[in-house]
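Report on the structure
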Amino acid sequence: MENAKLKEKILALRKEKNVVLLSHYYQKPEIQEIADYVGDSLGLSQEAAKTNAKIILFAGVHFMAETAKILNPKKKVILPDLSAGCSLADSCPAHLFEKFIKAHPDHIVITYINCSAEIKAMSHIVCTSSNALKIVESVPENIPIIFAPDKNLGNYIIQKTGRKMVLWDGSCVVHEAFSLDKVIALHQLHPDAKIIAHPESESQILDTAIYIGSTAGMIAYVKNSPFTKFIVATEVGILYKMQQEVPDKILIPAPSYEKNTCACGECGFMKVNTLQKVYDCLLYESPEIIISKMIQKKALIPIRRMLDLSK
């Protein structure tokens, strides 16, 4: 079925079934185009928390849909493809993290939202890249902190705050794939370009950046910046929405080690979702996100704390 027809059918079904379609910035452009809301993890969580829709269709990855379900236990939450996972979330298995927490008693556990519902249920507070600094700074300095699962974001926070934290050794394969040598070579070709980066990137990439922030933060920075050319070090899907905000500016994706046609950071998990899968998901209201009531109840507490601190 052609994309135009699929979009028409999706829009009609969405209205008929009272469905809100939430999309992350890293989704394919054709999905972002039909979404009710496109945003980063914090914005998507906030939207999920306040929606009046009967069904939430989450065009993103599994942990995002889980978060929406935790915030809306009585609503049906559906995901176009259950295989849309996350390398960062996968790097922190629940049984190993439980042992890690027990090895560091009396620590406050702060987890980045890119983790499973089970990991959130073991946490005191959840954070996103938009509010991680604020969340960490909300904890009294005399209380030790475990930060998981992203070691790169954790190291960035340590650098910015001076706080000592015990870090879980996890990372995102997309943000760790950016090549410093290639970024430097690209910057030499475009010396007037400013480098901006997501804090999930490795420290050597962050050291080259004029701005470090979440996906929403990066878009806002480019929009309000007097500069006109940028090298963008995060998943390439952000360029679609970013370019809409700044049609007269030049955006260049940061190169990765991968020798593929894109040569930029692309998340295969995010790109698993397609317009056809969105339609099928909406039509059959499946696959549905199912989480045990006990995990939902426990995980809701740290997520609510995050949302309260983010107001």
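The preceding data block contains the structure.
Before going into details, it helps to say that this report is about the structure given with it. Source: prediction; values computed, not measured.

To continue, consider the nonpolar core. Core analysis: the biggest nonpolar cluster contains 97 residues, and Ile-110, Ile-238 and Met-242 have the highest contact counts within it. In terms of residue count, helix α4 (residues 62-71) provides more of this core than any other element does, six residues in total. Counting 10 residues, the second-largest nonpolar core is a separate cluster that includes Cys-92, Phe-97, Phe-100 and Trp-168.

A word on the sheet that holds strand β10 (residues 211-212). Across the sheet, which stays open at both edges, the four strands sit in the order β10-β9-β11-β12 with parallel pairing between neighbours. The open sheet terminates on both sides in strands that have one partner only, identified here as β10 and β12 (250-253). Each of β9 (194-197), β11 (229-233) and β12 touches helix α13 (residues 238-245); the most contacted strand, β12, lies at about 170 degrees to it.

Reported here for the largest pocket is a volume of approximately 280 Å³. Along the wall of the largest pocket there are 30 residues; nearest its centre are Tyr-26, Asn-114, His-175, Glu-200 and Met-270. Of all the elements in the fold, those that place two or more residues in the lining of the largest pocket are α3 (41-50), α4 and α5 (87-90). Its residues assigned to classes, the lining of the largest pocket shows 14 nonpolar, 12 polar and four charged. Quantified by volume, the second largest pocket comes out at close to 150 Å³. Taken together, 13 residues make up the lining of the second largest pocket; nearest its centre are His-62, Phe-63, Ala-89, Asp-90 and Ser-116. Within the residue set of the lining of the second largest pocket, elements represented by two or more residues are α4 and α5.

In total, this model carries five aromatic pairs according to the counting rule given. Note on Phe-97 and Trp-168: the rings are 5.6 Å apart at their centroids and 85 degrees apart in plane angle, and the pair reads as edge-to-face. Of this pair, Phe-97 sits in helix α6 (residues 94-102) while Trp-168 sits in the loop between β8 (165-167) and α10 (180-189), placing them 71 residues apart in sequence. In this structure, Phe-97 and Trp-168 share a single accessibility class: buried. Look at Tyr-211 and Tyr-221: their rings are 4.6 Å apart centre to centre, the planes differ by 10 degrees, and that puts the pair in the stacked class. Of this pair, Tyr-211 sits in strand β10 while Tyr-221 sits in helix α12 (residues 215-224), placing them 10 residues apart in sequence. Exposure remark for Tyr-211: the relative accessible area of 23% places this residue in the partly exposed category. Three or more aromatic residues joined by ring pairs form one cluster here, namely Phe-97, Phe-100 and Trp-168.

In this structure, Ala-121 sits in helix α7 (residues 117-121). Taking the relative accessible area as the measure of exposure, Ala-121 reaches 17% and is therefore buried. Along the sequence, Ala-121 and Ile-295 sit 174 residues apart, while their C-alpha atoms lie 5.9 Å from each other. Apart from residues no more than four positions distant in its own chain, Ala-121 is found in contact with Ile-295, Lys-298 and Ala-299.

Calculation notes
- Residues numbered from 1 in each chain as written.
- Predicted model: local features only at pLDDT ≥ 70, side-chain atom pairs only at ≥ 80, totals over all residues.
- Heavy atoms only, no water.
- Core = buried A, V, L, I, M, F, W, Y, C linked by side-chain atoms within 4.5 Å.
- Buried < 20%, exposed > 50% of the residue type's maximum accessible area, 1.4 Å probe, protein only.
- Helix = DSSP H or I, 4+ residues; strand = E, 2+ residues; numbered from the N terminus.
- Pairing = 2+ DSSP bridges.
- Contact = heavy atoms within 4.5 Å.
- Axes fitted to C-alpha atoms, helices over the stretch in contact; angles between N-to-C directions.
- 1 Å grid on protein atoms, 1.4 Å probe; cavity = no way out; pocket = protein on both sides within 12 Å on 5 of 7 lines; lining within 4 Å.
- Points joined across faces, edges and corners; volume = space filled by probe spheres on them.
- Nonpolar A, V, L, I, M, F, W, Y, C, P; charged D, E, K, R; others polar.
- Phe/Tyr/Trp six-rings, centres within 6.5 Å; stacked < 30°, edge-to-face > 60°.

Read these as geometric descriptors, not functional statements.
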